[in-house]
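Take a look at the letters that make up each chain.
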Amino acid sequence: MSPIDCTKSIEACASQYGDEAEAVRRYMYAGLEHAKALPNRGPIRFAPEGKLAPEIRSAYSEYGFYVFEGAISEREMADVLEDIEELRSRFPTHPGSAVDAQGRPALDADLKGPGLLWAKALGDPLGGTEAAGGRHKVRVRELEVAKDEPPEAPFILFGSLQFSDAALRLYGHPELLRVAAEINGQDFAPFTDVLFIKDPGRGAAVAWHQDGDTHWSSPDLDEDTHGFNFMAQVYGSTPVNGVWVVPGSHRQGQLDVAELAAAAGSERIPEAVPLVCEPGDVVICNRQLVHGSFPNAGFEPRLTINFGFHRRNSVLGVRGTGVHSPVQVYDDATIAQRTRALGLAIEARRHQYPDETPYEYQPFRERKETFVWNEDARDELRDYNLLDLSI
Ligand SMILES: O=C(O)CCC(=O)C(=O)O
């Protein structure tokens, strides 16, 4: 497979920025070169004694992200692509609609929790708003959509494991789960799972921000306190449609993103690099990194299957902030209940890939907790994300 050539998209995207076009062009090409030169990409590798290869661990620690190239096999990618197409056929026809294009109930009809979030096409729905505790302090420039494009575009699908069997099976990926255990401990806890949808010519921006709300002023804060997201790339990711991150910012505590933009004199933070991926790559991305994405004014789609994990002691006994789920204190029982999705994922994956050694999650082993994957299990997943561990 030849790497994605995004030059036409960079040119088309830059041309939308008027007198900033040349600056955008230069920023995107420089970011692309810088990203490719960083020593934080390659296949998932484990050392002979089974631990994550030390150079991967240290590169993740230094930069706050690592691109696991080809982490999703061709076989699994075929499953993912087919599933995503089917999933999209169940999207509501437009914001507020309860039916899909075939008149069936839309995939998120009658949920208690959030489903599909739409955004103004090529807009910035979050920058400068109070959403998610006001973490997206600076608006990024909104771009003009073509006249024949709909005014709103699908943006984020919350609680994705209940809608997509392929996303559920990916959640049980044994090597990714081994990485999760290395970073967050064998008793790691779940976070949230969403799809970020950035259709070409439509996908909205996610203004610069750091994730995480609860522990910034803790004396014990360290680089891994607020966990990480795996960002699995279905169609790849480029400077035009992808997430940009400021390498190393996850180690600097809570930063003032407005100040960073003011110092840059524009929304283009000079130290940032794009997550450059081919289809099937999975990025581990520290939630404390300064990160964001621009409106996708290029020609390539991006769809990220996002799923995160925490250290247990970052969530146990902690009062959530309500960003991803209703406010509550996360006790052992709540964490165990939310973690059932992981047990179902591992079991669903075992059905699909019987020749693979399933991941063995330590708390299930200790509790002798077992799972069955069937239609009742699918029902159990409905609204599972109301228990997201939102810190
Ligand atoms: O995928 C994107 O564009 C934004 C992702 C993001 O902000 C996040 O995962 O926190």
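These numbers were taken from a predicted model, which means no experiment stands behind them.

(A) Structural context of the packing of helix α1 (residues 7-14) against helix α2 (residues 21-37). At a minimum axis separation of 8 Å, α1 and α2 run at an interaxial angle of 150°. Compared by their axis directions, α1 and α2 come out roughly antiparallel. For the pair α1 and α2, the crossing hand works out as right-handed. Of the residues in α2, those in contact with I10, C13 and A14 of α1 are A21, V24, R25, M28 and Y29. Classifying every residue of the contact of α1 with α2 gives seven nonpolar, no polar and one charged.

(B) Just the nonpolar core, in detail. The biggest cluster of nonpolar side chains holds 105 residues, and the ones touching the most others in it are F65, V245, L275, V282, V283, I284 and A345. Per-element accounting of this core gives the leading share, seven residues, to helix α10 (residues 332-352). Leaving out residues up to four positions away in the same chain, F65 has contacts with N40, V245, L275, V283, I284, C285, N286 and L289.

(C) Spatial organisation of the site of the ligand. If you check the shell around the ligand, you find F196, V206, D211, N229, V243, H291, S293, T304 and N306 and nothing else. The set of elements that each furnish at least two residues to the shell around the ligand consists of β11 (291-293) and β12 (302-310). Taken together, the residues of the shell around the ligand sort by class into three nonpolar, five polar and one charged.

(D) Highlighting the pairing of strand β7 (residues 228-233). Of all six residues in β7, six are buried, a share of seventy percent or more. Alignment of β7 against strand β10 (residues 282-286), held across five bridges, turns out to be antiparallel. Directly across from F228, in β10, lies its bridge partner N286. With six bridges joining them, β7 and β12 adopt antiparallel strand pairing. Bridge pairing in β12 links F230 to F307.

(E) Highlighting unusual backbone geometry. The backbone of A132 shows a phi angle near 50°, a positive value even though the residue is not glycine. Along the polypeptide, A132 turns up in helix α5 (residues 131-134). The phi angle at K368 is positive, at roughly 55°, despite the residue not being glycine.

(F) How the structure looks around the sheet that holds strand β9 (residues 273-274). Ordered in space as β6-β11-β8-β9, the four strands form an open sheet in which the pairing is antiparallel. Taken across any chain shown, the strands that pair with only one partner, and hence form the sheet edges, are β6 (206-209) and β9. Pairing between strand β8 (residues 243-245) and β11: three bridges, direction antiparallel. Paired with V243 across the two strands is S293, which belongs to β11.

(G) Representation of the sheet that holds β10 within the structure. Spatial ordering of the open sheet is given by β1-β2-β10-β7-β12-β5-β4-β3, a layout of eight strands whose pairing is mixed. The outermost strands of the open sheet, each flanked by one partner alone, are β1 (41-42) and β3 (116-120). Together, β7, β10 and β12 form the strand contacts of helix α7 (residues 174-184), whose direction differs from that of β12 by roughly 45°.

(H) View of α2. Between its first and last C-alpha atoms α2 spans 25 Å; for 17 residues at 1.5 Å apiece the expected length is 24 Å, and the two agree. Among all positions of α2, only V24, Y27, M28, G31, L32 and A35 are buried. Around the axis of α2, the buried residues are gathered within 130° of arc, so they sit on the same side. Along α2, exposed side chains directed more than 90 degrees from the buried face belong to E22, E33, K36 and A37. Where α2 is buried, its residues touch α1, β8 and β9.

Conventions used here
Residues numbered from 1 in each chain as written. Predicted model: local features only at pLDDT ≥ 70, side-chain atom pairs only at ≥ 80, totals over all residues. Axes fitted to C-alpha atoms, helices over the stretch in contact; angles between N-to-C directions. Helix = DSSP H or I, 4+ residues; strand = E, 2+ residues; numbered from the N terminus. Parallel < 35°, antiparallel > 145°, perpendicular 65-115°, else oblique. Left-handed = near helix turned anticlockwise from the far one by under 90°. Contact = placed C-beta atoms within 7 Å. Nonpolar A, V, L, I, M, F, W, Y, C, P; charged D, E, K, R; others polar. Core = buried A, V, L, I, M, F, W, Y, C linked by C-beta atoms within 7 Å. Buried ≥ 20, exposed ≤ 12 C-beta atoms within 10 Å, placed from the backbone. Near = placed C-beta within 6 Å. Pairing = 2+ DSSP bridges. Expected span 1.5 Å × (residues − 1). Arc of directions from axis to C-beta.

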